[in-house]
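Geometric and topological summary
Listed here are the chains, written in short residue letters.
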Amino acid sequence: MKNFKWPLITSAVSSIGIFTYLLIKQSFTIRSISDTFFIVSLFFLIIGLALWIMSSGFFDNFQRFMKMHFRFRKKNEPKEFIPFSEIGNAHQLYWLETGGILLIVSIVSLLFYFL
């Protein structure tokens, strides 16, 4: 539960920002709430999915191929490199959980719109 604290805080701050934006724009309807939450959740989900794909090792061979064949390294740079799978493994759950929370709020408000 300790790791789930930051996605909740980020979702709450994003929700406050969304509600403030909709109040300033003066379009505070259930449909606009659902649409705005969906767009903001897509931002978090796209980053989380990109990190998830990178952490799976999908791009490691491509990265190794580019390093070996095009020699984009300097003279003093070591031959080893940090693979994308180690870079993308860091905070993928944070982005996915935050996007999931905002997507659930969007779907719930969409259900209220159709009722």
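Here is what the cut-offs are and how they apply
Residues numbered from 1 in each chain as written. Predicted model: local features only at pLDDT ≥ 70, side-chain atom pairs only at ≥ 80, totals over all residues. Heavy atoms only, no water. Helix = DSSP H or I, 4+ residues; strand = E, 2+ residues; numbered from the N terminus. Buried < 20%, exposed > 50% of the residue type's maximum accessible area, 1.4 Å probe, protein only. Contact = heavy atoms within 4.5 Å. Areas by Shrake-Rupley, 256 points an atom, 1.4 Å probe, with all protein chains shown as cover. Core = buried A, V, L, I, M, F, W, Y, C linked by side-chain atoms within 4.5 Å. Salt bridge = Lys/Arg side-chain N within 4 Å of Asp/Glu carboxyl O.

Another point: the overall build of the chain. Scanning the chain from terminus to terminus reveals five helices and zero strands. Along the chain, helices and strands appear, N-terminal first, in the series α-α-α-α-α. Residue burial in the chain is summarised as follows: out of 115 residues, 27% are buried. Sequence separation of at least 24 residues holds for 75% of the intrachain contacts in the chain that already meet a minimum separation of 6. Working note: accessible area of the chain is about 8,700 Å², and carbon and sulfur atoms make up 71% of it.

Counting six residues, the largest nonpolar core consists of Ile 18, Leu 22, Ile 33, Phe 37, Phe 44 and Leu 102. Those elements that provide at least two residues to this core are helix 1 (5-25) and helix 2 (30-55). Discounting chain neighbours no more than four positions away, the residues touching Phe 37 are Ser 15, Ile 18, Phe 19, Leu 102, Val 105 and Ser 106.

Before going further, it helps to examine the pattern of salt bridges. As enumerated under the stated definition, the model contains one salt bridge in all. Taking the shortest distance from any N to any O, the salt bridge between Arg 31 and Asp 35 comes out at 3.9 Å. Here the residue Arg 31 and the residue Asp 35 both occupy positions in helix 2, the gap between them amounting to four residues, near one helical turn. Accessibility expressed as a relative area gives 38% for Asp 35, which makes it partly exposed.

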